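Observations on the model geometry
Residue strings, one per chain:
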Amino acid sequence: MTDLTPRPSGKITPFSAPEGFSRSEGKSLQRRQNAEVANGLVTAARVQAAGYVAATGMHLTGMLSREAQFQSDGDPRTSERLNYIADSFAEYAAWEVRRFQR
């Protein structure tokens with residue numbers, strides 16, 4: 001499986017501490033920067049996953065809505081029942097997208 005986001009090739013370049021930083025402060029800064037890069041990659045992957053789930057949910061909701069309209073063949077009672085099923089799926093898909101906000 002390919003990476004969702006491109007990553008820097010190899011290790012992150014060695015860090016030269018700003019003037020006035022001790023060696024331990026420089027290493028601490030590098031660790032914190034690496035943690036932020038990792039956090040950014042995780043966040044980007046979550047955003048992309050949420051987009052994929054949203055796009056799939058929208059596609060399938062549209063497909064189910066069109067199928068409900070076709071299957072009801074103009075019968076209002078059948079249309080109500082089938083639209084309820086399509087609406088239930090749309091609510092479920094929306095719930096799955098909202099889960100990514102946690």
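Now for a look at the structure at hand. Predicted model only: the values in this text are computed from it and were never measured.

Digging into the overall build of the protein
Tallying secondary structure elements over the protein gives two helices and zero strands in all. Sorting the 102 residues of the protein into buried and exposed places 11% on the buried side. Restricting the contact set of the protein to residue pairs at least 6 apart, pairs at least 24 apart contribute 53%. Accessible surface for the protein amounts to roughly 8,500 Å². Of this, 58% is attributable to carbon and sulfur atoms.

Quick notes on the pattern of salt bridges
Tallied over the full model, the rule gives one salt bridge. The partner of Glu96 in a salt bridge is Arg99, with the nearest N and O atoms 3.0 Å apart. Separated by three residues within a single helix, Glu96 and Arg99 lie in helix 2 (residues 76-99), roughly one turn from each other. Residue Glu96 is classed as buried on the basis of its relative accessible area of 17%.

Some thoughts on the environment of Ala17
For Ala17, the position within the fold is in the segment before helix 1 (23-72). Placed 12 residues apart in sequence, Ala17 and Leu29 show a C-alpha to C-alpha distance of 8.0 Å.

Points about the packing of aromatic side chains
Throughout the structure, instances matching the rule amount to one aromatic pair. Ring geometry for Tyr92 and Trp95: centres 6.3 Å apart, planes at 25°, overall stacked. Of this pair, Tyr92 and Trp95 both sit in helix 2, three residues apart, roughly one helical turn. Classification of Trp95 as partly exposed rests on a relative accessible area of 39%.

Remarks on the packing of helix 1 against helix 2
Put simply, helix 1 and helix 2 touch, their axes get as near as 9 Å, and they point 180° apart. Between helix 1 and helix 2, the angle falls in the class roughly antiparallel. Packed against helix 1, whose contacting residues are Arg46, Ala50, Val53, Ala54, Gly57, Leu60, Thr61, Leu64, Ser65, Ala68, Gln71 and Ser72, the element helix 2 presents Thr78, Ser79, Leu82, Asn83, Ala86, Phe89, Ala90, Ala93, Glu96, Val97 and Arg99 at the interface. For the contact of helix 1 with helix 2, the per-class residue count stands at 12 nonpolar, eight polar and three charged.

Re helix 1
Along its 50 residues, helix 1 runs 73 Å from first to last C-alpha, staying within 8% of the 74 Å computed at 1.5 Å per residue. Buried within helix 1 we find Gly26, Gln30, Ala50, Gly57, Thr61, Ala68 and Ser72. The inward-facing, buried residues of helix 1 contact helix 2. Within two residues after helix 1, Asp73 carries a phi angle of roughly 50°, on the positive side.

Calculation notes
- Residues numbered from 1 in each chain as written.
- Predicted model: local features only at pLDDT ≥ 70, side-chain atom pairs only at ≥ 80, totals over all residues.
- Heavy atoms only, no water.
- Helix = DSSP H or I, 4+ residues; strand = E, 2+ residues; numbered from the N terminus.
- Buried < 20%, exposed > 50% of the residue type's maximum accessible area, 1.4 Å probe, protein only.
- Contact = heavy atoms within 4.5 Å.
- Areas by Shrake-Rupley, 256 points an atom, 1.4 Å probe, with all protein chains shown as cover.
- Salt bridge = Lys/Arg side-chain N within 4 Å of Asp/Glu carboxyl O.
- Phe/Tyr/Trp six-rings, centres within 6.5 Å; stacked < 30°, edge-to-face > 60°.
- Axes fitted to C-alpha atoms, helices over the stretch in contact; angles between N-to-C directions.
- Parallel < 35°, antiparallel > 145°, perpendicular 65-115°, else oblique.
- Nonpolar A, V, L, I, M, F, W, Y, C, P; charged D, E, K, R; others polar.
- Expected span 1.5 Å × (residues − 1).

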